[in-house]
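Here is how the chains run, residue by residue.
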Amino acid sequence: MAAASVSALAFEPASHAACDATAQLPWRRPTRAEAEAAVRTLIGWAGDDPRREGLLDTPARVARAYEEWFAGYAQEPAEILERTFGEVAGYDELVLLRDIPIESVCEHHMAVIRGVAHVAYLPSERVVGISKLARLVDAFARRLQIQERLTAEVAEALEQTLRPRGVAVVIEAAHECMASRGVRKHGASLVTRRFTGVFEEPERRREVLAALAG
Ligand SMILES: Nc1nc2c(ncn2[C@@H]2O[C@H](COP(=O)(O)OP(=O)(O)OP(=O)(O)O)[C@@H](O)[C@H]2O)c(=O)[nH]1
Ligand SMILES: [Zn+2]
C-alpha cells in the first residue's frame, strides 16, 4: 500500500502519559484499548493498513500475546522459591539444572533472545524443587531484558531466597536483533555468567564450569 494512504489513516492518538517518554506525569500502565491502538500505529508504520480484514483482529491478538511474552512482570521470584525441602539426607553437593530453554525479549529492539540457561547452587541444608529453577529463569526472562541483567537477577534471587553456599548461572543465547537486522550475524551467541559465594573462588568456579560443560 502507498505511504500516502497509510499516513491518511485516522489512528487513535497515542498522546497519553503511559506512552509519552517526555511526560512529567507518573507512569501508568496503558489500558488494553490503548495497547491495541499502539499496535495499529505500528502496523501503519510497517506500511500496511490496519483496517484491512486480515489485520482487524491483530491488535487484540498482539495484546494477548504480550501477556504471555511479558508474564514475568506479574511474577514474584521469592514466591517461586518459597517451598524448600530439608529432608535431603545430608546431601550438600552441587545441584545443577542444565539446558533450561529460555526465550526473552531484548530491551533495545524488542527482538527475541533465545537460548539456554544453566543454573547451579551448592545447598546449605535446604533444596528447592527443580522445576522452580526453571520457573525462576522464566520469571526474569519474560520481561524486557539485556542478557547480563537476566543472568545477574536469576543468581541474585537464588542467593537471597535460598541462602546457599554459592550460585552459578550461565546463559548462552542468540539475539534476533543481531541476526534478522543490523549486523545480521546468524549463529552468534552471547555467553554470560554470574557466580556468587564459594563459586567466586577460581578453583570452585572451574569445578562448576566443568560440571556445566558435562
Ligand atoms: N550487552 C548487551 N547488548 C545487547 C543485548 N541485546 C542487544 N544488545 C545490543 O544493544 C546495542 C544497542 O546499540 P545501539 O547502537 O543503541 O542500537 P542500534 O543502532 O540498533 O545498534 P545495531 O544493533 O548495532 O544496529 C546493540 O549493540 C545490540 O547488539 C544484551 O542482552 N546485552
Ligand atoms: Zn536487541
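Along every chain, residues carry numbers that run from 1 in the direction the sequence is written. By the order in which they are written, chains take letters starting at A while ligands take numbers starting at 1. With the structure being a predicted model, the display of local features is reserved for residues of pLDDT at least 70 and the display and counting of side-chain atom pairs for 80 or more, all residues being used for whole-chain, interface and lining totals.

For the chain, an unreviewed UniProt entry supplies the name GTP cyclohydrolase 1 and the organism Brevundimonas viscosa. What UniProt records for the chain under Catalytic activity (unreviewed entry) is the sentence "GTP + H2O = 7,8-dihydroneopterin 3'-triphosphate + formate + H(+)". UniProt positions are given in the numbering used here, feature names are shortened, and annotations may be inferred rather than shown by experiment. Heading Sequence similarities (unreviewed entry) of the UniProt record for the chain holds this comment: "Belongs to the GTP cyclohydrolase I family."

The subject of this paragraph is the UniProt feature "binding site: Zn(2+)" (unreviewed entry) in the chain. The feature "binding site: Zn(2+)" (unreviewed entry), as annotated in UniProt, sits at Cys106, His109 and Cys177 in this numbering. In sequence the annotated residues extend across 72 residues, while in space they remain close, none of their C-alpha pairs exceeding 7.8 Å. For the purposes of this entry, the term helix denotes a DSSP run of H or I that reaches at least four residues, the term strand denotes a run of E that reaches at least two, and both are numbered from the N terminus. Checked against the element boundaries, His109 lands in the loop between strand 2 (95–106) and strand 3 (112–122). The partly exposed category is assigned to His109, around which 14 C-beta atoms lie within 10 Å. In this structure, Cys177 sits in helix 7 (residues 176–179). Setting aside anything within four residues of it in sequence, one finds Cys177 in contact with Cys106, His108, His109, Ala111 and Gly182. Exposure classes come from backbone-placed C-beta atoms, where a residue is buried if 20 or more other C-beta atoms lie within 10 Å of its own, exposed if 12 or fewer do, and partly exposed in between. Whether two residues are in contact is decided by their C-beta atoms, placed from the backbone, lying within 7 Å.

This part takes up the site of ligand 1. By nearness alone, every residue bordering ligand 1 is listed as Cys106, His108, Ile146, Gln147, Glu148, His175, Cys177, Met178, Gly182 and Val183. Elements represented by at least two residues in the shell around ligand 1 include exactly helix 6 (147–162) and helix 7. Of the residues in the shell around ligand 1, the class split is five nonpolar, four polar and one charged. Whether a residue is near a molecule or strand depends on its C-beta atom, placed from the backbone, lying within 6 Å of it. Any residue that is not Ala, Val, Leu, Ile, Met, Phe, Trp, Tyr, Cys, Pro, Asp, Glu, Lys or Arg is counted as polar, Gly included; the first ten are nonpolar and the last four charged.

Right, let's get into the environment of Arg32. Assignment of secondary structure puts Arg32 in helix 2 (residues 32–46). Judged by local crowding, Arg32 falls into the partly exposed class, with 14 C-beta atoms found within 10 Å. Note: C-alpha distance between Arg32 and Ala152 (120 residues apart in sequence) is 32 Å.

By definition, two strands form a pair when at least two bridges between them are found by DSSP. If you trace the five strands from one edge of the open sheet to the other, you get 5-2-3-6-7, paired in mixed fashion. Each end of this open sheet is capped by a strand with a single partner; those strands are strand 5 (144–145) and strand 7 (190–197). Where strand 6 (residues 166–175) lies against strand 7, eight bridges are found, and the strand directions are antiparallel. Directly across from Val167, in strand 7, lies its bridge partner Thr196. Taken strand by strand, helix 5 (residues 130–141) contacts strand 2, strand 3 and strand 5, and its axis lies near 20° from that of strand 2. Fitting a line to C-alpha atoms yields each axis, with helices limited to the stretch in contact; the angle taken between N-to-C directions then spans 0 to 180 degrees.

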